[in-house]
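Here is what each chain is made of, one letter per residue.
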Amino acid sequence: MRRNHILHSVKRGIALGMTAALLALAVTGCGSSGKEDGDTISITNVSYDPTRELYQKYNEIFKEYYKEKTGKTVEVTQSHGGSGAQARSVVEGNEADVVTLALAHDITMIEEAGLIKEGWISEFEGNSSPYTSTITFLVRKGNEKGIRDWDDLVKQGVEVITPDPKSSGGACWNFLAAWHYADKKFSGDEAQIRDFMSQLYNNVLVMDSGARGATTTFVENGQGDVLIAWENEALLSIAEHPDDYEMVTPSISIKAEPSVAIVDENADKNGTQEIAKEYLGYLYSDEAQKLAGENYYRPSNEEILKTFSDTFDLSVDLCTIDDFGGWDQAYKDFFEDDAVFDQIYRK
């Protein structure tokens, strides 16, 4: 068994144990969701790892907007973790009123459990993705290993940090971006594509359960030569440590669409359908779109996105999930048990 596979197994066991404990706390702590006490109403937003800073600020501007509109005070409880793990927590009883997760498949999981109505992806604009991102590389200042594109991540001696696609939505986007690059490079030759991906994941030193955990491993713990990261995570790390890190945008990446939805079963029970719709809908307001850009997410409003052209590389070649047949097909092909990722990783 390969060294990094052993390391993955140990770390994943620890991560899953911690996740289970945190989810138990999350479920226990959500009993106040939807309670209305006079002029105060509370809702719970279950989100994925890298959105902590965004929603900390968004919740404040939404509270001001809703107070002015209705006279009521909103209390928003936030929950963060690996996107797949967060979706499972909702299925298992975390009483989220809304979910703001890393990819549509994680919300489909909740839909299939009967908690979200069919057709949720069309309820809000842009496949219910009020902001987007892409996948980039974060390297240490000076880029000692000369990392410029995906080819450099398969070189001998390059240590890669990326989260686990089994628990992290960001990790799924990472994998698909790399696969698309290899698909172009090898003109669709699947044997060569699989070999390329196997080499890449053979270079993975640590595979955390979520994107924020992977960032911590690279930035705070100083492990690895390169972090495959959400663009917003890379830019946030540079903003916080401008003298220590730089971002490399690969020649080919993917348009990552984090999705949002009302958890209808819970919202109906909690009496929060109206405020849940307002909460997610206001993400498309000009104020919230600008806030998304300021927090390094790409606004779905094209005109507002253009005002952040100094922040984002808008010329990068981006594939989309449609190139993989949509999320249901992509998850079946690549991330279900014994699908392509498992076949590559255990080689």
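Let us look at the structure shown here. (Residues numbered from 1 in each chain as written. Predicted model: local features only at pLDDT ≥ 70, side-chain atom pairs only at ≥ 80, totals over all residues. Heavy atoms only, no water.)

Some details on helix α4 (residues 104–112)
Those residues of α4 that sit buried are A104, H105, D106, I107, T108 and I110. One or two residues past the end of α4 sits G114, with phi positive at roughly 90°. (Buried < 20%, exposed > 50% of the residue type's maximum accessible area, 1.4 Å probe, protein only. Helix = DSSP H or I, 4+ residues; strand = E, 2+ residues; numbered from the N terminus.)

Considerations on helix α12 (residues 286–294)
A288, Q289, L291, A292 and G293 are the residues of α12 that are buried. Contact partners of the buried residues in α12: α2 (52–70), β5 (131–132), β13 (298–299) and α13 (302–306). Directly beyond the C-terminal end of α12, a positive phi value near 75° is found at Y296. (Contact = heavy atoms within 4.5 Å.)

What to know about the side chain of T132
Relative to the assigned elements, T132 resides in strand β5. Among the residues examined, T132 registers a relative accessible area of 11% and is labelled buried. Excluding residues that lie within four positions of it along the chain, T132 makes contacts with K255, A256, E257, P258, Y297 and R298.

Topic: the environment of E64
For E64, the location among the structural elements is in helix α2. Owing to a relative accessible area of 56%, E64 belongs among the exposed residues under this scheme. Between the alpha carbons of E64 and V74 there is a distance of 8.8 Å; along the sequence they are 10 residues apart.

Topic: the nonpolar core
In this structure, Y58, V99, W150, F175, L176 and W327 are the most contacted members of the largest nonpolar core, which totals 90 residues. With nine residues, helix α6 (residues 169–185) is the single largest residue contributor to this core. Those residues in contact with F175 that lie beyond four places of it in its chain are M197, Y201, F334, F335, V340, F341 and I344. The next biggest cluster of nonpolar side chains, apart from the first, holds 11 residues, and it includes L205, A214, V219 and Y245. (Core = buried A, V, L, I, M, F, W, Y, C linked by side-chain atoms within 4.5 Å.)

Topic: the pattern of salt bridges
Summed over the entire model, instances satisfying the criterion amount to 14 salt bridges. Of the charged contacts, one joins R52 and D49 as a salt bridge, the two residues approaching to 3.1 Å between their closest N and O atoms. The shortest N-O distance in the salt bridge between R212 and E53 comes to 3.0 Å. Pair noted here: R212 is in helix α8 (residues 211–220) and E53 is in helix α2, with a separation of 159 residues, a long-range link. Owing to a relative accessible area of 15%, R212 belongs among the buried residues under this scheme. (Salt bridge = Lys/Arg side-chain N within 4 Å of Asp/Glu carboxyl O.)

Quick look at the pairing of strand β9 (residues 226–230)
In terms of burial, β9 is largely enclosed, as five of its five residues are buried. Inspection of the sheet shows strand β6 (residues 135–140) paired to β9 by five bridges, in the antiparallel sense. Note on β9: the bridge partner recorded for F137 is I228. For strand β7 (residues 160–161) and β9, the ladder comprises two bridges, and the chain directions are parallel. Each residue of the ladder has a partner; that of I161, found in β9, is L227. (Pairing = 2+ DSSP bridges.)

Describing the sheet that holds β9
Overall, mixed pairing links the five strands, which are arranged β8-β7-β9-β6-β10 in an open sheet. The sheet is open, and its two edges are formed by β8 (204–206) and β10 (245–248), each paired on a single side.

Quick look at the pairing of strand β2 (residues 40–47)
Judged by how many residues are buried, β2 sits mostly within the fold: seven of eight residues are covered. Note that β2 and strand β3 (residues 73–79) share seven bridges and pair parallel. By the bridge assignment, T44 is partnered in β3 with T77. In this fold, the crossover linking β2 to β3 by way of α2 has right-handed handedness. Two elements, β2 and strand β4 (residues 98–101), share three bridges in a ladder whose sense is parallel. Looking at the pairing, S47 lines up with T100 of β4. (Right-handed = clockwise from strand over helix to strand, strands pointing away.)

A word on the environment of P163
As for its position among the elements, P163 is in the loop between β7 and α6. Owing to a relative accessible area of 2%, P163 belongs among the buried residues under this scheme. When residues no more than four places from it in sequence are discounted, the contact partners of P163 are S168, A171, N174, M207, D208, G210, A211, A214 and I228.

Remarks on the packing of aromatic side chains
Counting across every chain of the model gives 30 aromatic pairs. Taking 4.8 Å as the distance between ring centres and 90° as the angle between the ring planes, the aromatic pair formed by F137 and W150 counts as edge-to-face. Pair noted here: F137 is in strand β6 and W150 is in the loop between β6 and β7, with a separation of 13 residues, a long-range link. Just as F137 is buried, W150 falls in that class too. When the centroid spacing of 5.4 Å and the interplanar angle of 75° are considered together, the rings of F175 and F335 count as edge-to-face. Here F335 lies in helix α14 (residues 327–335) and F175 lies in helix α6, a separation of 160 residues in the sequence. The class for F175 is buried, based on a relative accessible area of 0%. An aromatic cluster is built from W173, F175, W179, Y201, F324, W327, Y331, F334, F335, F341 and Y345, whose rings are joined through pairwise contacts. R140 extends its terminal NZ or CZ atom over the ring of F218, reaching a point 4.0 Å from the ring centre. (Phe/Tyr/Trp six-rings, centres within 6.5 Å; stacked < 30°, edge-to-face > 60°. Lys NZ or Arg CZ within 6 Å of the ring centre and 35° of its normal.)

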